[in-house]
Amino acid sequence: ALLPTARDTQVALNSFILSLQSIRILGLHSTDPSTVGMPGSFSSAEITDIVNEVMSLMRLDTVGDSPTSESAKAMGADLRKQGYGMGIWDHHSHTPALYCNYLSEQRFISDILTGDRFTVWGWADTPQRASLACAYEVFQRAFDCGLVPEILHLGLQTRIPKSMDQVLPYLHTSMQLCISDGDPNDSDSEADSASASQVSYSLPAGLNLSAGRPIRAPTLSSIPKWKSSEHLVTGPFMKWRDILNFSTAPLKRTAQIVSRCLQLLLVEVIDIVPNMCLPTSLGVRDMVTTVKRLSSTDTVLAWERDMEDMFWKIDKQEVETAVSQLGRALLKHRRSTTLFYAIHRQEKSFDRVGTGTGREYWTIPHAFVEKFVKWDLHKNVLFVVGCLILSQGQGGVPIGGPLSAQLADLWCVWREMVCLGKEGLQDFQICVVQGLQAAGVQPMPTVTMAHDDLFMPLSAVHDMLPSSHMWAAPRSQRVGIPVRAVLSSGLERWWQPLQWVVAWLSFPGAEIPLLRMSLWDGAIGGRLHTIAKHAVRCDRHSITTFFMSFDAVQAVLPDIVQPRSPAVAPFPYVLMARLKDNVYILCVDIPARYVPSVRRLPEVFLDCLYRVPLKWEPEGPVVAWCCSHILCGPHRGIGLLRKGVTWDLMAKGPEQVEWSKWLPKTALNARMVMSAYLPSLAHQSVWHATTLPEVLQNFRSIFMGVGALDYPDAWWKQTLKSAIRTLHLGDHITVSMWTSWVQLGRHWTVLWSSHRDACYPALPAAHACKGLTE
């Protein structure tokens, strides 16, 4: 009754395209097409001509499979001659204001419907009926595998049908709530209201929708991701990112609770299995501070390898295996026979591994988590696009799913555990050596894998002893540490993080270790939690009590203001870590003749480790890693700044400085937004810095921004003064100092124009500005 009886994929696809009158999906369409010069839709006859024209033009000018700005111009000009009022995005360096409607529709037909990620599972005569049928099928699969009774038994959800007989009335009532709410994103709500009103249902006893969200099937969006000339030497182009929206999907609440269980599992296994995971963005800071702590560096090269579409490439069976094996590893570490997760009903910070105490906790067994993950990977794969119901392929944990971020991270940790652990180390070494030989690396190093050998340089920690994940001073030195000692000299006098050797690269006359580091500020809870967690058991209570007397910034700031100089001369090594799907690599003091060989190592190493496509990200003297800017290069050492900040602000054009992305003072709610944003920037200015000059440069950019945008004093002055006082920087950032920065910001445009004219005296102003911006 919900779907046509025939579900043949090709018949469904042909029927859909031939009967198509318009496509109103995928992303950024304007509600009033006339205001931007873009048509709202295409007829079925026009779609065929447009797709053929798009495909022929894309073959002439593409970057990979993505259309470049030049091909978009050509397509737009040609289609305008045919009478189609095409629009084109602007060429601003960081955000597209418009994009071609026909590119979206061509992408939908050529990639989504006929690509390898999705197949057509079914279709309906209206989007409302398609959503109803998709949600019904999801519940059917959940009942078939016995998932719903367990959800009800654990109390994770109560407002769901208790049998399949209740599903259809429940969904029909929920759909009518969607229509009565007048969903602005549903262009067919009026037509669907008429069809849905033909059937009326009453909810079964015990079901209540008044306090819950209406149920709708997951939907697909393809968001254009702009890559400007700042990111690629080949020029600007646009790529697509497929995202599934599960915001109103069936069993979403249970999925959110299971995702918290998976996050607990991830946090625990990071400390007990070999891995390169950075759970937070402050792991980038840990990498920079590790380099500064190990030796007095001279030359640092920063590289980044990105997993291309990792979320869609992961094998689902491997993800299922990862959750199971990591759970067993945690059980073995805890010396237990059963594994439970205690999830607090109100506060996420109270979640823990173990059983809950009282009714404020859900106690969830790991077996249920594995069962739900298996169902989510293999059964919960349907979503709607217009009148079509599509199904995911055999691979991937799609972006947008409640479990996708945790499952992707767990899969990476599992791959690292399997390859870098003791059992798989020899096979992994053979794979890496064969890969280097196949790549023709010259000179060819001798690669010797190491099972997390402790790296012990002759440095300032020679008087410390290794203790779990850190160096620790002798206990006699740590007894009775006064708070004022920590506030004046920092924690590195008593505790420092460890590093482990993953592999040795042997060149003639040089031994280069490949290192991974223990987490410090980038750990869950930061360095204070790490020290307390990994301290000797008899010291944990006293250390935890001691740390309760000051916050994390008080522990970090002394290391920034009074950094300790390494006692070791430069020596070569490679430091590698992973944040989500980005692998960060720091090559320190590598001899120039070995740099080409060392550069090929991450390619082969990571290809063997993850077995998914990876690509190099652009490199240079300044690279952006997550929320940080890494400053490095030959004979420059390494530095860290907040993302968007550089040392030479005059070298940036008006569209490239940090405050070009802030709200103008005339914008609606600008005061409220910036009042909340500026304190966050102030705290990031301390965390994304390793020396006092870097902290001052971060704050300088903030004060210049409020001056350049001419924000009223009431918007920012008291907020930033309070932040400086809270961060204990009053002695370093004085009133006269930040006042001069604000004045500099107010005159920055004039000063930058003078600087531009001095750099380009022979060029007209417009050309100079264009050249500098590019």
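Here the structure is shown first, and the text comes after it.
This one's a predicted model, so the numbers in the text were calculated from it and none came from an experiment.

Caption draft 1: Here's a closer look at the sheet that holds strand β13 (residues 465-467). Pairing is antiparallel across the open sheet formed by three strands, whose spatial order is β13-β14-β15. The open sheet terminates on both sides in strands that have one partner only, identified here as β13 and β15 (495-497). Neighbour-to-neighbour, the strand axes of this sheet turn through a mean angle of 35 degrees, independent of strand direction.

Caption draft 2: Focus on empty space enclosed by the protein. The full count for this structure, using the stated rule, is two cavities of 30 Å³ or more. In this model, the largest cavity occupies a volume close to 100 Å³. If you list the elements that add at least two residues to the lining of the largest cavity, you get α13 (366-378) and α14 (404-420). Split into classes, the residues belonging to the lining of the largest cavity amount to seven nonpolar, five polar and one charged. In this structure, the second largest cavity occupies an estimated 50 Å³ of space. Counting only elements with at least two residues in the lining of the second largest cavity, the list comes to α9 (252-270) and α13. With three residues, α13 is the single largest residue contributor to the lining of the second largest cavity. Looking at the lining of the second largest cavity residue by residue, the class counts come to eight nonpolar, one polar and two charged.

Caption draft 3: Region of the structure containing the packing of helix α6 (residues 147-154) against α13. Running from N to C, α6 and α13 cross one another at 140 degrees; their axes reach a closest spacing of 11 Å. Considering the angle they form, α6 stands oblique to α13. As α6 runs across α13, the sense of the crossing is left-handed. Taken together, the residues of α13 that come into contact with α6 (itself represented by Leu 147, Glu 150, Ile 151 and Leu 154) are Phe 368, Lys 371, Phe 372 and Trp 375. Partitioning the contact of α6 with α13 into residue classes produces six nonpolar, no polar and two charged.

Caption draft 4: Structural context of the pattern of salt bridges. By the definition in use, this model includes 19 salt bridges. The salt bridge partner of Asp 521 is Arg 285, with a shortest N-O separation of 2.4 Å. Linking Asp 521 in the loop between β17 (510-517) and α18 (526-534) with Arg 285 in helix α10 (residues 283-294), this pair joins segments that are 236 residues apart in sequence. Each member of the pair, Asp 521 as well as Arg 285, carries the same accessibility label: buried. Among the salt bridges present, the one from Lys 580 reaches Asp 409, with a minimum N-O distance of 3.2 Å. With a gap of 171 residues between them, Lys 580 in the loop between β18 (573-579) and β19 (582-588) and Asp 409 in helix α14 connect regions that are remote in the sequence.

Caption draft 5: Geometry of the sheet that holds strand β7 (residues 340-344). Taken together, the three strands give an open sheet; going across it, the order is β8-β7-β9, and neighbouring strands pair in antiparallel fashion. Edge strands, defined here as strands with exactly one partner in the open sheet, are β8 (352-353) and β9 (361-365). Direction of pairing for β7 relative to β8: antiparallel, over a ladder of two bridges. Within the sheet, the bridge partner assigned to Tyr 341 lies in β8 and is Val 353. Sheet strands in contact with α9 are β7, β8 and β9, and its direction is about 120 degrees off that of β7. Its contacts with the sheet place α13 against β7 and β9, and it is angled at close to 75 degrees to β9.

Caption draft 6: Summary view of the pairing of strand β22 (residues 628-633). Here β22 lies mainly inside the structure; six of its six residues are buried. Of the two faces of β22, the one carrying Ser 628, Ile 630 and Cys 632 and the one carrying His 629, Leu 631 and Gly 633 are both buried. In sequence, strand β21 (residues 622-625) turns back onto β22 through a hairpin of two residues, with Cys 626 there showing a positive phi of about 55 degrees. With six bridges joining them, β22 and strand β23 (residues 637-642) adopt antiparallel strand pairing. Following the sheet pairing, Ser 628 is matched in β23 by Arg 642.

How each quantity is defined
Residues numbered from 1 in each chain as written. Predicted model: local features only at pLDDT ≥ 70, side-chain atom pairs only at ≥ 80, totals over all residues. Heavy atoms only, no water. Pairing = 2+ DSSP bridges. Helix = DSSP H or I, 4+ residues; strand = E, 2+ residues; numbered from the N terminus. Axes fitted to C-alpha atoms, helices over the stretch in contact; angles between N-to-C directions. 1 Å grid on protein atoms, 1.4 Å probe; cavity = no way out; pocket = protein on both sides within 12 Å on 5 of 7 lines; lining within 4 Å. Points joined across faces, edges and corners; volume = space filled by probe spheres on them. Nonpolar A, V, L, I, M, F, W, Y, C, P; charged D, E, K, R; others polar. Parallel < 35°, antiparallel > 145°, perpendicular 65-115°, else oblique. Left-handed = near helix turned anticlockwise from the far one by under 90°. Contact = heavy atoms within 4.5 Å. Salt bridge = Lys/Arg side-chain N within 4 Å of Asp/Glu carboxyl O. Buried < 20%, exposed > 50% of the residue type's maximum accessible area, 1.4 Å probe, protein only.

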